[in-house]
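The chain contents come next:
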Amino acid sequence: LSYVETDGSLALAMREAGLFEVMDAELLFPDTDMALEFFEERVIVEFDDEGAEHTRVELRDIPILQGLDDAELSDFQERVTRSEFGPGEPLFQEGDDDRELFLITAGSADVVITLEGGRTKRLMTFSAGTVIGEMALLEGQPRSATVLARDRVECYRLSLEVFEALQTDQPRIAVVLLSNLARLLSGRVRTANSM
């Protein structure tokens, strides 16, 4: 069941009927997306003899870095900050005004927004090989959502200051990053339009 608020009418009816006593608490979810994901993961584990693996990608395999040669990739890696986040820990929060781009190399992170009444809704999950935070880096606007580590996340953080230094010191790296970010954003707009 999803959207069973502790003080809502559905929860009251369930409590009066004694359903909370017989239902497993892990089957109550804050939203439908998380409920579906829970059962999708159970099906995957059931049919995967080896179990789920913790996927890790190399920095060179992240799409926004495609086109950099070994020396440029090495230069980029020396400039960015490597970080780790534990499960439930925020990479950033809605309203933050930092200007960092996150390149995820291991783990996954949920994008969450706050709805009226204080409820939250997960919009999507980003996994290893993806980037988060490109809009803040490019636009300079406050974060529009919160991103929480779903499991242990390993990533590299590209700050605005480092990006601006790349534009001066290594303009080809900056152009490759911007070109690849443009393709990424174009794909997201196309997906949003088709939805």
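Preceding this paragraph is the structure being described.
What you see is a predicted model, and the numbers here were worked out from it, not measured in a lab.

Visitor: Looking at this model, I keep getting lost on the pattern of salt bridges. Mind explaining?
Guide: Opposite charge on two side chains permits pairing when their charged atoms draw close. One pass over the structure, following the stated rule, counts 13 salt bridges. Across the pair D70 and R60 runs a salt bridge whose closest N-O atoms are separated by 3.1 Å. One end of the pair, D70, is in helix α4 (residues 70-79); the other, R60, is in the loop between α3 (32-47) and α4, with 10 residues separating them in the sequence. Here R79 ties to D169 by a salt bridge, and the two come within 3.4 Å at their closest N and O atoms. Of this pair, R79 sits in helix α4 while D169 sits in helix α6 (residues 160-169), and the two are 90 residues apart along the sequence. Looking at R79, the relative accessible area reads 23%, which means it is partly exposed. Overall, the relative accessible area of 47% leaves D169 in the partly exposed class.

Visitor: Is there a simple way to think about the side chain of T146 in this case?
Guide: Relative to the helices and strands, T146 is located in strand β7 (residues 146-149). Setting aside anything within four residues of it in sequence, one finds T146 in contact with F92, Q93, E94, D110, V111 and V112.

Visitor: Sorry, what's going on with the sheet that holds strand β6 (residues 131-132) here?
Guide: Strand pairs in the sheet, formed through backbone hydrogen bonds, run parallel or antiparallel to each other. Here 4 strands make up an open sheet; going across it, the order is β1-β8-β3-β6 and the pairing antiparallel. Both outer strands of the open sheet, β1 (81-85) and β6, are each paired with one neighbouring strand and no more. Pairing analysis gives 2 bridges linking strand β3 (residues 101-106) to β6, with the strands arranged antiparallel. By the bridge assignment for β6, F102 is matched with I132.

Cut-offs used in this document
Per chain, residues are indexed from 1 in the order of the written sequence. Whole-chain, interface and lining totals are the exception, using all residues; otherwise, since this is a predicted model, local features are given only for residues with pLDDT of at least 70 and side-chain atom pairs are given and counted only at 80 or more. Excluded from the side-chain calculations are hydrogens and water; all other atoms, namely the structure's heavy atoms, are used. Here a salt bridge means any side-chain nitrogen of Lys or Arg lying within 4 Å of a carboxyl oxygen belonging to Asp or Glu. Comment: elements are numbered from the N terminus, with helices defined as DSSP H or I runs of at least four residues and strands as E runs of at least two. A simple rule labels every residue: compare its accessible area, found with a 1.4 Å probe on the protein chains alone, to the largest value its type can have, and call it buried under 20%, exposed over 50%, or partly exposed in between. Two residues form a contact once any of their heavy atoms are found within 4.5 Å. Any two strands with at least two DSSP-identified bridges between them are counted as paired.

Take it as geometry only, folks, not as evidence of what the structure does.
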